[in-house]
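Residue strings, one per chain:
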Amino acid sequence: MDSQDAPGQIHVFAQPFPYGFQEVVDDLHLWKHQGVRAEHETFINFLNSETGDGGVDLIVLGTCQYDLPYWYDALKDAWNRRDADHKFKIVCYVHNAKDMEWDRWIPYWAQRNAIRLLAIGSHVAKAFQDKFAEAADSRDPHLFAADFEHVSVDVHIPVLDIPNLPAKEAPRHLVRAVIQGKFEIERRDYVRIFQELIESLNEDPAAWGYYPLESRTAFEPNHDSPIPPFQLLLVGSQYLGVPDELANVVVIYRDLPYMEFYDLIANSDIVLPAFADNSYYEFRASSTVALATELNVPMLVTNRTRHTYGFIDDDRIVVTRPAAMSEVQALKALRMGDASFFFASDPAGTGMTMGEIPAVRAGVEQMMRNGWVKSKSEWEEWREWLRQQNTQVAERILRDIP
């Protein structure tokens, strides 16, 4: 793209970016190889009229499940207008392997070796690869003749280099945790986390920096607490009811412009994935995972989350709790620097405490030793590794390497 002899250009066809994202584009110089910037409805006319040096070589569809069906007929027409030496290729971003009728929209392009998928998570890529392998082995001619076997599926993690991230003191107290995403209980496990927070506040309000509930309807913050009162920030869109008891604990932010959105999360201490079901481990990716890492905020995860989202399988950027320890229990232990309350618990009533289970105890002790504060150098080292991975994927795409 940076060739002196034939520099590349990137043309952007989209509606005006919402939530002030154009400011992010400008500040980060994301659109370096500037070409045409126009409304999305002018895209096909441009594609058919722009013929200099053979015309457009590569079309990147940012949301495959919407864009490919929308442009399907027009793209086929544009493809057929070109001679064999001037065909284009399509790169389709995907984040959910069950979000599109892939067997309907992909075969035309797969048969012509003209499409590749770009997943934002390795488990999403694997889900597509498994679907394509199964289709290729089918005896249904509509499937095996589509040549799904040779559709490349790459992984690209959309992490921006956000400038001017806050410099945070170390050591410091864990005060602000974030759950990010649409306020839908099918996506995030708000109900369980609210209930566990209420139970823990009732058991030990001082650990969270609050007064006992007593006759009040809501827990009141104790601003004289040696550790500032804990807050759970919910950042997203739509509506979500919060129990009265947590009125001073939970703070909701809706529909923030991107710069405010980044600033709010970057100034928090830890991010909770809080996935409500298995879909985020099996066939769809959460943008929260990439968001936390691009803002240098550690995530509180399990080994399952680390292994599913392979790019965060790194102690330098995440805090790993044993699956037997809930998010709320882990937050309390990390705030207090003490997990003895968890070790003494016997939630199943078996007569054996959690501290007596060797692997669980070892996992908690490891979490406490590693702590939740990550250094700037740790983030920089990890980011350089990820940059290399993403660059290799971009080069394969631009060079059309399977």
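Thresholds applied
- Residues numbered from 1 in each chain as written.
- Predicted model: local features only at pLDDT ≥ 70, side-chain atom pairs only at ≥ 80, totals over all residues.
- Heavy atoms only, no water.
- Pairing = 2+ DSSP bridges.
- Helix = DSSP H or I, 4+ residues; strand = E, 2+ residues; numbered from the N terminus.
- Axes fitted to C-alpha atoms, helices over the stretch in contact; angles between N-to-C directions.
- Contact = heavy atoms within 4.5 Å.
- Core = buried A, V, L, I, M, F, W, Y, C linked by side-chain atoms within 4.5 Å.
- Buried < 20%, exposed > 50% of the residue type's maximum accessible area, 1.4 Å probe, protein only.
- Domains from an automatic or database assignment.

The protein chain has the name Glycosyltransferase family 1 protein in an unreviewed UniProt entry, where Lentinus brumalis is given as its organism.

Asks: Summarise the sheet that holds strand 6 (residues 153–155); cite the residues concerned and give the values.
Replies: If you walk across this open sheet you meet the four strands as 3-4-5-6, and the pairing is parallel. The open sheet has two edge strands, strand 3 (58–61) and strand 6, and neither has a second partner. In this sheet, neighbouring strand axes are inclined to one another by 25° on average, regardless of whether the strands run parallel or antiparallel. Where strand 3 meets strand 4 (residues 89–94), four bridges bridge the pair, whose relative direction is parallel. Directly across from I59, in strand 4, lies its bridge partner I90. Relative to strand 6, helix 6 (residues 122–137) is tilted by about 170°, and along the sheet it contacts strand 4, strand 5 (115–119) and strand 6.

Asks: Can you explain the environment of Y262? Please cite residues and give values.
Replies: Examined against the element boundaries, Y262 turns out to sit in helix 10 (residues 258–266). Each C-alpha atom of the pair Y262 and I162 lies 8.5 Å from the other, and the pair is 100 residues apart in sequence. Leaving out residues up to four positions away in the same chain, Y262 has contacts with F21, V24, L160, I162, L291, E294 and L295.

Asks: Before we move on, could you go through the nonpolar core and cite the residues and values that matter?
Replies: Side chains of nonpolar character tend, in soluble globular proteins, to be buried together. Among the nonpolar cores identified, the biggest contains 83 residues, and L68, L75, I106, W109 and L117 are the most heavily contacted of them. Residue contributions to this core peak at seven residues, all from helix 3 (residues 64–81). Two domains share this core, each providing at least three of its residues, namely domain 1 (39–156) and domain 2 (176–375). Excluding anything up to four places from it in sequence, L117 contacts C92, V94, I106, F128, F132, V151, S152, V153 and D154. Residues Y190, I198, A207 and F342 belong to the second largest nonpolar core, which totals 41 residues.

Asks: So, the side chain of R306: which residues are in play, and what are the values?
Replies: With respect to the helices and strands, R306 occurs in helix 13 (residues 303–308). Apart from the residues lying within four places of it in its own chain, the contact partners of R306 are V301, I312, D313, D314, D315, V318 and T320.

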